[in-house]
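Letter by letter, the chains look like this.
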Amino acid sequence: MLEMTREEFEELVAEALDRIPPELTRLMDNVAVFVEDEPPADDPELLGLYEGTPLTDRGEWYAGVLPDRITIYRNPTLRMCESREDVVAETEITVVHEIAHHFGIDDERLHALGYG
């Protein structure tokens with residue numbers, strides 16, 4: 001497994017978030033991004049997870065709820081990558097993928113766009 005500290009990986013996630021165009025990040029609403037070392041035991045290769053209500057599904061009822069949660073998993077990413085450059089690229093893809101879920105874009109469309 002490739003070695004990278006939690007702090008270094010968190011910085012890569014922050015940099016990936018910084019590369020999201022401002023016109024999109026301004027539209028993001030009530031969402032928080034976290035880094036965890038390992039995904040749930042039932043899906044050990046999971047790189048990221050979006051939990052919440054996509055913007056496209058929110059209605060008048062959506063008020064006073066906890067923020068949506070995007071989690072990026074460090075160790076599966078490090079296990080699958082062979083270099084720091086691979087980690088940078090994979091982290092960016094994963095961050096974009098999970099943010100797209102916040103905007104209501106499903107996995108099928110993301111795979112078609114190259115963010116699978």
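An unreviewed UniProt entry annotates the protein chain as Metallopeptidase family protein originating from Streptomyces dubilierae.

### Some words on helix α4 (residues 84-102)
Here α4 contains 19 residues, and its C-alpha end-to-end distance of 27 Å stays within 8% of the 27 Å for a straight helix at 1.5 Å per residue. On its buried side, α4 packs onto α1 (6-18), β1 (31-36), β2 (48-51), β3 (68-73), α3 (74-80) and α5 (107-113). After α4 finishes, the residue G104 shows a positive phi value of roughly 90°.

### Things to note about the sheet that holds β1
Read from one edge to the other, the open sheet built from 3 strands follows the order β1-β3-β2, with strand pairing classed as mixed. In this open sheet, the two strands that pair with only one neighbour each are β1 and β2. With direction set aside, neighbouring strand axes in the sheet form an average angle of 15°. As defined by bridge partners, β2 adjoins β3 across 4 bridges and the pair is classed as antiparallel. Residue pairing across strands places E51 opposite R69, the latter belonging to β3. Sitting on the sheet, α1 touches β1 and β3, and the angle it makes with β1 is about 150°.

Cut-off values and rules
Residues numbered from 1 in each chain as written. Predicted model: local features only at pLDDT ≥ 70, side-chain atom pairs only at ≥ 80, totals over all residues. Heavy atoms only, no water. Helix = DSSP H or I, 4+ residues; strand = E, 2+ residues; numbered from the N terminus. Expected span 1.5 Å × (residues − 1). Contact = heavy atoms within 4.5 Å. Pairing = 2+ DSSP bridges. Axes fitted to C-alpha atoms, helices over the stretch in contact; angles between N-to-C directions.

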